[in-house]
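Read off the chains here:
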Amino acid sequence: MTASLQPTLAGRYYTDPAIFAAEQEQIFEKMWFCAARGSDVAAPGDFRTVTVGRESVLITRGRDGGARAFLNVCRHRGALLCAEESGSVKRTFRCTYHAWAYDTDGTLVAAPNLVKMPDVDRVERGLRRVHVREWLGYVWVCLADEAPSFEADVMGACVERLGDLASIDRYQLDSLRLGRRIRYDVKANWKLIIENFMECYHCSTIHPELVHVLPEFAGGYAAQYYVGHGAEFGPDVAGFTVDGSAGQAAIDTITPEQDRRYYAITIRPQVFVNLVPDHAIMHRMYPMAADRTIVECDWLFRPDVVESGADLDPSVELFDRVNRQDFDACERCQPGMSSRAYAEGGVLVPSEHHIATFHDWVRDRLGGTVLGK
Ligand code: FES
Ligand code: FE
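Residues numbered from 1 in each chain as written. Chains lettered and ligands numbered in written order. Predicted model: local features only at pLDDT ≥ 70, side-chain atom pairs only at ≥ 80, totals over all residues.

In the annotation of an unreviewed UniProt entry, the protein chain is listed under the name 2Fe-2S ferredoxin and assigned to Actinoplanes awajinensis subsp. mycoplanecinus.

Structure below.
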């Protein structure tokens, strides 16, 4: 039986600022968003600022050790509270405009002449909080008034892909250590990056190193295509490294079935998890414009491996090359999205059919906001 080709989204979905604005509102500001590594805000007062949808979000750690997140806007006259991307405060976040100061729990604790303003409610005028969860060693935030179920949306994506939650728990992502972080500024729409990650039809043309390590990828079917399936290392491959040489000490809680295999998970809307026996690779996308996405990629290893000063380059280089190959391809597609040749979109071949589910999901999230195909 021959399978038919399915249409993709139309080109304007990747270029139209109105569609991007609708995505910011209906997707990134409504869903759980993986914002930072927990260790980015290791101690009370450490902070990071990230872009989530149309908002700047301030992530910090309270004195009780819990992660907190706020809209990064001073409640006095609206100045951006923290202009830095990361740093640490001793006790308070102090606005540089009129010196209102907020505790790490968001309460307004000081302001010039505050005693003469008895009607200022320090909690009411405190920073606007957003929902926070910590899972897999990451701080996830949700800007919606009522957050959707984290268990269903985030953990559920892992269960759907791996078959159960225990399979990801065995990699102990929350106790792994950050070995390397690389940030990519990609001149492409975030959906091109997701679609690319979901298929492996391109693997044999652009990923020679990856196909050497995972020979089944040459067939064009991504590991994500099958529930619970991990792609097996080639017979002459010792580890998930750029040249197939041995990697680092394996995470000792994985099962024998997880050894010598690669698993990939997409957690909508902006996270890719890659699992191999000795490390995990976490991609988080920060969509900045219809044609620009920042991707932050973390390589996580056992703490003793990172502390030993082991050479992580052969491990990091494999996926760094894969990332650059992928992002080059996405950047090559982005200009084509506004061509008349792509006004009606393109087609999905059978090995890419699961991308149609992603397109349906995008259309569904945008609902009546965006008209047309
Ligand atoms: Fe921040 Fe005035 S705007 S103190
Ligand atoms: Fe790829």
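A. Summary view of the overall build of the protein chain. Per the secondary structure count, the protein chain includes 9 helices and 18 strands. The buried share of the protein chain, taken over its 373 residues, is 37%. Partitioning the intrachain contacts of the protein chain with sequence separation of at least 6 by distance along the chain shows that 63% fall at a separation of at least 24. (Helix = DSSP H or I, 4+ residues; strand = E, 2+ residues; numbered from the N terminus. Buried ≥ 20, exposed ≤ 12 C-beta atoms within 10 Å, placed from the backbone. Contact = placed C-beta atoms within 7 Å.)

B. Here's a closer look at the domain arrangement of the protein chain. Split by domain assignment, the protein chain resolves into domain 1 (1-31 + 176-373) and domain 2 (32-147). The centre of domain 1, based on its C-alpha atoms, is set 31 Å off from the matching centre of domain 2. In this complex, domain 1 contributes 14 residues to the contact, which on the side of domain 2 involves 15 residues. Of all the elements in the fold, those that place two or more residues in the side of domain 1 that touches domain 2 are helix 1 (17-28) and strand 16 (279-289). Per-class residue counts for the side of domain 1 that touches domain 2 are 7 nonpolar, 2 polar and 5 charged. (Domains from an automatic or database assignment. Nonpolar A, V, L, I, M, F, W, Y, C, P; charged D, E, K, R; others polar.)

C. Summary view of the packing of helix 4 (residues 190-198) against helix 8 (residues 313-333). For the pair helix 4 and helix 8, interaxial distance at closest approach is 10 Å and the crossing angle is 130°. By the angle class used here, helix 4 and helix 8 are oblique. Crossing handedness for the pair helix 4 and helix 8: right-handed. Each of Leu192, Ile193 and Asn196 in helix 4 lies in contact with helix 8, whose residues at this interface are Asp326, Ala329, Cys330 and Cys333. Its residues placed into classes, the contact of helix 4 with helix 8 shows 5 nonpolar, 1 polar and 1 charged. (Axes fitted to C-alpha atoms, helices over the stretch in contact; angles between N-to-C directions. Parallel < 35°, antiparallel > 145°, perpendicular 65-115°, else oblique. Left-handed = near helix turned anticlockwise from the far one by under 90°.)

D. Structural context of the nonpolar core. In this structure, Phe33, Ala35, Ile59 and Val141 are the most contacted members of the largest nonpolar core, which totals 90 residues. When residues are assigned to domains, this core turns out to be shared by domain 1 (1-31 + 176-373) and domain 2 (32-147), each giving three or more. Once residues within four sequence positions are removed from consideration, Val141 is found in contact with Phe33, Ala35, Val52, Val57, Ala69, Val130, His131 and Val132. (Core = buried A, V, L, I, M, F, W, Y, C linked by C-beta atoms within 7 Å.)

E. Up close: unusual backbone geometry. Here the amide bond leading from Arg268 into Pro269 is cis, since omega sits at 5°, within 30 degrees of zero. Within the fold, Pro269 resides in the loop between strand 14 (261-267) and strand 15 (271-276). Even without being glycine, Asn113 reaches a positive phi, approximately 65°. Here Asn113 is to be found in the loop between strand 9 (108-110) and strand 10 (131-135). For Asn113, a count of 7 C-beta atoms within 10 Å puts it in the exposed group.

F. View of the confidence of the model for the protein chain. Mean pLDDT over the protein chain: 95, with 97% of residues reaching 70 or higher. This complex was scored by the predictor with a pTM of 0.96 and an ipTM of 0.98. (pLDDT = per-residue confidence, 0-100.)

G. Focus on helix 1. Residues Ile19, Phe20, Glu23, Ile27 and Phe28 constitute the buried set of helix 1. Along helix 1, the residues classed as buried sweep out an arc of 105° about the axis, all on the same side. For helix 1, the exposed residues set more than 90 degrees away from the buried face come down to Pro17 and Ala18. If you follow the buried residues of helix 1, they end up packed against strand 2 (33-37), strand 3 (46-52), strand 16 and helix 9 (354-366). (Arc of directions from axis to C-beta.)

H. Local environment of the UniProt feature "domain: Rieske" (unreviewed entry) in the protein chain. Per the UniProt record, "domain: Rieske" (unreviewed entry) is annotated on residues 32-141. Between the C-alpha atoms that bound residues 32-141 the distance is 6 Å, and the span itself is 0% helix and 41% strand. (UniProt positions renumbered as here; feature names shortened; annotations may be inferred.)

I. Up close: the environment of Pro256. Of note, Pro256 is situated in the loop between strand 13 (231-232) and strand 14. Pro256 sits 21 residues away from Pro277 along the chain, and the two C-alpha atoms are 9.7 Å apart.

J. Geometry of the pairing of strand 5 (residues 67-71). Burial runs high along strand 5: 4 of the 5 residues are buried. Here 5 bridges tie strand 4 (residues 55-61) to strand 5, and the two strands are oriented antiparallel to one another. Its bridge partner being in strand 5, Arg61 is matched across the sheet by Ala67. Connecting the antiparallel pair strand 4 and strand 5 is a turn made up of 5 residues, with Gly65 showing a positive phi of about 90°. (Pairing = 2+ DSSP bridges.)

K. Representation of the sheet that holds strand 12 (residues 177-186). The sheet built from 6 strands is open, its strands ordered 12-17-16-15-14-13 with antiparallel pairing. Of all strands in the sheet, those bounded by a partner on one side alone are strand 12 and strand 13. Strand direction decides the pairing type here: strand 13 and strand 14, joined by 2 bridges, are antiparallel. Note that in strand 14 the partner of Glu232 across the bridge is Arg261.

L. Expanded view of the sheet that holds strand 7 (residues 92-94). Spatial ordering of the open sheet is given by 7-8-9, a layout of 3 strands whose pairing is antiparallel. Edge strands, defined here as strands with exactly one partner in the open sheet, are strand 7 and strand 9. Averaged over all pairs of adjacent strands, the angle between their axes in this sheet comes to 40°, without regard to strand direction. Judged from the 3 bridges that link them, strand 7 and strand 8 (residues 101-103) form a sheet pairing that is antiparallel. When the bridges of strand 8 are listed, Arg94 appears paired with Ala101.

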